[in-house]
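Geometric and topological summary
For reference, the chains in residue letters:
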Amino acid sequence: MFKIVMRTFFKTMGVILLLLGVGVGSYFLTMLYLRTTERGERSKTYEHVIDINVGTESSNLIYSVDAKSKQVKAIVLELFDKETGNLDYITFPVNTQISLSKAKYEEYLKISSQIPQIVALGDINRYFSGDVAYEYGILLLREELKADVGYFTAMDSVEFNKRFDKQDGIYKPSQEYLETAAQNKDEASMKKFIEKEWGSVISDITLSQKQAYAAGFLKVKLTCIYAHKAYAEELKGRATLDGEKTKKMINRIWESPERTEKTKTSGDSGGKNGIEKIKSKGIQITNGTNINGLAASFKSKLEADGLNVLGVGDFSGAQQTQTVIYAKKKEWAECLKPYFRKASVQESQTLTNGADIEIVLGTDERPEPSAGVKGE
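What counts and how
- Residues numbered from 1 in each chain as written.
- Predicted model: local features only at pLDDT ≥ 70, side-chain atom pairs only at ≥ 80, totals over all residues.
- Heavy atoms only, no water.
- Helix = DSSP H or I, 4+ residues; strand = E, 2+ residues; numbered from the N terminus.
- Buried < 20%, exposed > 50% of the residue type's maximum accessible area, 1.4 Å probe, protein only.
- Contact = heavy atoms within 4.5 Å.
- Salt bridge = Lys/Arg side-chain N within 4 Å of Asp/Glu carboxyl O.
- Polar contact = N/O pair within 3.5 Å; in protein donor to acceptor, adjacent residues only side chain to side chain.
- Core = buried A, V, L, I, M, F, W, Y, C linked by side-chain atoms within 4.5 Å.
- Pairing = 2+ DSSP bridges.
- Axes fitted to C-alpha atoms, helices over the stretch in contact; angles between N-to-C directions.
- Expected span 1.5 Å × (residues − 1).

**Looking at the overall build of the protein chain**
Scanning the protein chain for helices and strands turns up 13 helices and 17 strands. Per-residue burial for the protein chain yields a buried fraction of 45% across its 376 residues.

**Considerations on the environment of lysine 299**
As for its placement among the helices and strands, lysine 299 is situated in helix α12 (residues 294–304). The spacing of lysine 299 and leucine 310 is 11 residues in sequence and 9.4 Å in space, taken between C-alpha atoms. With sequence-adjacent residues up to four places away left out, lysine 299 is seen in contact with Ile285, Val309 and Val312.

**A short note on the pattern of salt bridges**
In the structure shown here, the tally under the stated rule is 16 salt bridges. The residue aspartate 123 makes a salt bridge to arginine 126 at a minimum N-O spacing of 3.4 Å. Taking the relative accessible area as the measure of exposure, aspartate 123 reaches 13% and is therefore buried. Given a relative accessible area of 58%, arginine 126 falls into the exposed group. Notably, a salt bridge pairs arginine 142 with aspartate 148, separated by 3.5 Å at the nearest N-O pair.

**Let's talk about the side chain of threonine 286**
Relative to the helices and strands, threonine 286 resides in strand β13 (residues 282–287). Among the residues examined, threonine 286 registers a relative accessible area of 5% and is labelled buried. There is a polar contact of 2.7 Å between the side chain of threonine 286 and the side chain of glutamate 358. Setting aside anything within four residues of it in sequence, one finds threonine 286 in contact with Gly313, Asp314, Phe315, Glu358, Ile359, Val360 and Leu361.

**Quick word on the nonpolar core**
In terms of nonpolar packing, the biggest core is built from 40 residues, with Leu61, Tyr63, Leu77, Ile90, Phe92, Leu140 and Phe152 touching the most fellow members. Taken together, the elements giving at least two residues each to this core come down to β1 (57–65), β2 (72–81), β3 (86–92), β5 (118–120), α3 (124–127), α4 (132–145), β6 (151–156) and α10 (243–254). Among the elements that take part in this core, α4 stands out by supplying 8 residues, more than any other. Apart from residues lying up to four places away in sequence, phenylalanine 152 is in contact with Tyr46, Asn60, Leu61, Tyr63, Asp131, Tyr134, Glu135, Ile138, Ile202, Ser203 and Asp204.

**Focus: the sheet that holds strand β14 (residues 308–314)**
The strand order β14-β13-β17-β15-β16 describes an open sheet built from 5 strands, whose pairing is mixed. Edge strands, defined here as strands with exactly one partner in the open sheet, are β14 and β16 (344–347). Strand-to-strand twist in this sheet, taken as the mean axis angle between neighbours without regard to direction, amounts to 20°. Across 5 bridges, the pairing between β13 and strand β17 (residues 357–361) is parallel. Counterpart to asparagine 287 in the pairing with β17 is leucine 361. The strands touched by α12 are β13, β14 and β17; relative to β13, the strand with the most contacts, the crossing angle is about 155°.

**A word on the sheet that holds strand β9 (residues 201–203)**
Read across the sheet, 6 strands follow the order β9-β6-β1-β2-β3-β10 without closing on themselves; strand pairing throughout is mixed. Each edge of the open sheet is held by one strand with a lone partner, namely β9 and β10 (225–229). Within the sheet, the average angular offset between the axes of one strand and its neighbour, ignoring direction, is 20°. Pairing between β6 and β9: 3 bridges, direction antiparallel. When the sheet's bridge partners are listed, alanine 154 is paired in β9 with isoleucine 202. Packing of α4 onto the sheet brings it into contact with β1, β3 and β6, and relative to β1 it is tilted by some 120°.

**Examining α4**
Taking 1.5 Å as the rise per residue, α4 with 14 residues should run 20 Å; its terminal C-alpha atoms sit 20 Å apart, in good agreement. For α4, the tally of buried residues reaches 11 of 14 residues, placing the bulk of the element in the interior. Where α4 is concerned, the buried positions are Val132, Ala133, Tyr134, Glu135, Tyr136, Gly137, Ile138, Leu140, Leu141, Arg142 and Leu145. Following α4 by one or two positions, lysine 146 adopts a phi angle in the positive range, close to 55°.

Quick look at the structure:
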């Protein structure tokens, strides 16, 4: 009898310990999952003040920040073309002063009572709190550049100095860091490398969005990495940015032969014969009418010609009577005009879904009564 009681006791204890072990194990696995995924989702914990752009052409504003004082020590704009693997870095003086108009100043005062009318880029963490401060830095820079900056990456100055060397006031990735990154020979290992690096940075994009550039990083060659300095006049510890000249430099970088040679076709100046130059661009189609399936029909047409349609959607404003093609570069929009009856083109840096080109369809594209339009 005693043996039976003891046997039952130990069996019961064994079951309890097993259940306890499963519970503890599940807890630690859950916490591990949260720790590994939280890094990539940090950008989802606050309300963004810019439209995040992670298109084919990556424009990433990199901040070096002192861990204790939160003072910005360096600002570098990284321009990366994932189709060609070209990398350019533009160093901005950290003491750049941006003078706000009266209207803009009053607008910013509603957000931060600390902000002066003449703003120093290096002091953004004094004016704003949290990760969103770096997005306000982008907004301030856009005031001067009138050019798109897609997202930011901020890191401790120690980490920044591991990645960048400075020569003649210009930052460029260090040889050691480039060689470390180059050890990743396939997309899977490059994604793991990015994930490992992700724990040392802050960004307003997610880990998966950054990993989407992995294949492009594999194309990077040392001969295709260039460093530049923004046009600015530095005097008595302050710098005044020449936004117009710097914007022109950025445009020259994007349009340089090294970046366009893979998509350039001889003798093409636009139209359907020139769509090769925009096949790497992301296109959003927005239906500005109440005509069902109109966007879906154009999606089919463009995809049949090998173009990359990111998605379709409905326009949130009033019904549009004329089709407008918006693009970050006007020449890209010109290539799509032959698909439409009377489309106009406009240059715009902020497009839906992070697209390079957005087509807002108007009622002028209404199909003929006999033709019909299929699709959702």
